[in-house]
Amino acid sequence: MLKRQQPATRPQPAPVIEVLQRLWQTKLSTIALLEKWRAETADSELESGLSRHLIDERRHATMIGEQIRRLGGRITSGPKDAGTRAFAQAEEAGDDLQRLFALYRGVKPYTVDRCYHAMPHVDASLAQVLHKITLDEERHIRWADVRIQRLVTHANMRECNLIASRVRAGLQAAWERQWRHFSQMLHRAGA
């Protein structure tokens with residue numbers, strides 16, 4: 001009796017791998033930020049939450065790395081770019097509240113948006129990984145929103161929103177090339 005062969009993983013075009021590499025780099029930068037922030041905060045509740053998020057971010061980086069390799073890509077750290085500048089702004093934020101805005105209203109919503117837009121256009125295995133990541137990211141955002149509501153005032157809201165806006169702009173610049181290639185691939189495929 002012949003063994004039935006499993007269908008081969010359909011190869012993903014280079015733009016999908018490029019987007020995954022950018023997502024992987026974003027996760028590495030998030031891990032570095034969380035490690036530094038966790039060591040610097042005096043708020044024990046915040047430190048505990050950041051520790052849990054750090055575990056999730058490391059798991060996300062591993063899952064994304066596995067997908068990159070599965071699809072035939074390589075994990076590369078890449079040159080310093082606008083993404084690095086966006087995370088530097090988050091690290092340099094003056095206090096916990098500003099960092100909450102930078103990460104949880106800047107980085108994480110941007111990541112969720114990119115994952116949601118990519119999910120319908122990738123294979124089922126990758127879509128499942130992206131879905132798991134977005135669920136965690138949305139949970140992290142909800143957690144941060146509770147802390148933000150406790151700390152934010154009318155007086156500091158403008159500065160916090162400005163920091164989140166700068167971080168999003170930095171991420172948009174960092175993702176621009178990869179996302180343009182991904183969008184062009186979808187356009188050519190008629191998706």
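Use the structure listed above.
Residues numbered from 1 in each chain as written. Predicted model: local features only at pLDDT ≥ 70, side-chain atom pairs only at ≥ 80, totals over all residues. Heavy atoms only, no water.

### Observations regarding the overall build of the protein
Link 1 in the chain: Along its length, the protein carries six helices and zero strands.
Link 2 in the chain: Secondary structure elements of the protein, listed N to C terminal, follow the sequence α-α-α-α-α-α.
Link 3 in the chain: Sorting the 191 residues of the protein into buried and exposed places 48% on the buried side.
Link 4 in the chain: Across the protein, contacts joining residues at least 24 apart in sequence account for 84% of those joining residues at least 6 apart.
Link 5 in the chain: A total accessible area of about 10400 Å² is found for the protein, and carbon and sulfur atoms account for 53% of it. (Helix = DSSP H or I, 4+ residues; strand = E, 2+ residues; numbered from the N terminus. Buried < 20%, exposed > 50% of the residue type's maximum accessible area, 1.4 Å probe, protein only. Contact = heavy atoms within 4.5 Å. Areas by Shrake-Rupley, 256 points an atom, 1.4 Å probe, with all protein chains shown as cover.)

### With respect to helix α5 (residues 124–151)
Link 1 in the chain: Compared with the 40 Å implied by 1.5 Å per residue over 28 residues, the 41 Å span of α5 between its first and last C-alpha is a close match.
Link 2 in the chain: Two to three positions downstream of the cap, the backbone nitrogen of S125 sits 3.2 Å from a side-chain oxygen, assigning the N-cap of α5 to D123. (Expected span 1.5 Å × (residues − 1). Polar contact = N/O pair within 3.5 Å; in protein donor to acceptor, adjacent residues only side chain to side chain.)

### A closer look at the packing of aromatic side chains
Both the distance between ring centres and the angle between the ring planes are used here to describe each pair of aromatic rings.
Link 1 in the chain: For the coordinates displayed, the defined rule picks out five aromatic pairs.
Link 2 in the chain: Judged by centre distance (6.4 Å) and plane angle (55°), the ring pair of W37 and Y104 falls under tilted. Of this pair, W37 sits in helix α1 (residues 14–40) while Y104 is found in helix α4 (residues 96–118), placing the two residues 67 residues apart along the sequence.
Link 3 in the chain: One aromatic cluster in this structure is built from Y110, W175, W179 and F182.
Link 4 in the chain: Lying over the aromatic face of F101, R105 brings its terminal NZ or CZ to 4.8 Å of the ring centre.
Link 5 in the chain: A cation sits over an aromatic face here: R114 above W179, 4.3 Å from the ring centre. (Phe/Tyr/Trp six-rings, centres within 6.5 Å; stacked < 30°, edge-to-face > 60°. Lys NZ or Arg CZ within 6 Å of the ring centre and 35° of its normal.)

### Comments concerning helix α2 (residues 44–70)
Link 1 in the chain: Helix length check: α2, at 27 residues, gives a terminal C-alpha distance of 39 Å against a target of 39 Å (1.5 Å per residue), a fit within 8%.
Link 2 in the chain: With a side-chain oxygen lying 2.9 Å from the backbone nitrogen of E45, the N-terminal cap of α2 falls on D43.
Link 3 in the chain: G72, located one to two residues past α2, shows a positive phi value of around 90°.

### Remarks on the pattern of salt bridges
Link 1 in the chain: Taken as a whole and assessed by the stated rule, the structure comprises 17 salt bridges.
Link 2 in the chain: Note that K36 and E40 form a salt bridge whose closest N and O atoms lie 2.9 Å from each other. Placement of the pair is K36 and E40 together in helix α1, with a separation of four residues, close to one helical turn.
Link 3 in the chain: The partly exposed category is assigned to E40, whose relative accessible area is 44%.
Link 4 in the chain: R147 is paired through a salt bridge with E45; the nearest N and O atoms lie 2.6 Å apart. (Salt bridge = Lys/Arg side-chain N within 4 Å of Asp/Glu carboxyl O.)

### Some thoughts on the packing of α1 against α4
Link 1 in the chain: Packing of α1 against α4 brings their axes to within 12 Å, and their N-to-C directions diverge by 160°. Comparing their axes, α4 and α1 come out roughly antiparallel. In terms of crossing hand, the pair formed by α1 and α4 is left-handed. Contact residues: α1 offers L23, T26, K27, T30, L33, L34, K36, W37 and E40, while α4 offers D96, R99, L100, L103, Y104, V107, T111 and C115. (Axes fitted to C-alpha atoms, helices over the stretch in contact; angles between N-to-C directions. Parallel < 35°, antiparallel > 145°, perpendicular 65-115°, else oblique. Left-handed = near helix turned anticlockwise from the far one by under 90°.)

### Observations regarding the environment of I148
Link 1 in the chain: Residue position: I148 is located in helix α5.
Link 2 in the chain: Overall, I148 belongs to the buried group, its relative accessible area being 0%.
Link 3 in the chain: Along the sequence, I148 and L97 sit 51 residues apart, while their C-alpha atoms lie 6.5 Å from each other.
Link 4 in the chain: Apart from residues lying up to four places away in sequence, I148 is in contact with L97, L100, F101 and R105.

### Observations concerning the side chain of D123
Link 1 in the chain: Tracing the chain through its elements places D123 in the loop between α4 and α5.
Link 2 in the chain: A distance of 3.0 Å separates polar atoms of two side chains, one belonging to D123 and the other to R70.
Link 3 in the chain: Engagement of the side chain of D123 in a polar contact is seen with the backbone nitrogen of S125, the distance being 3.2 Å.

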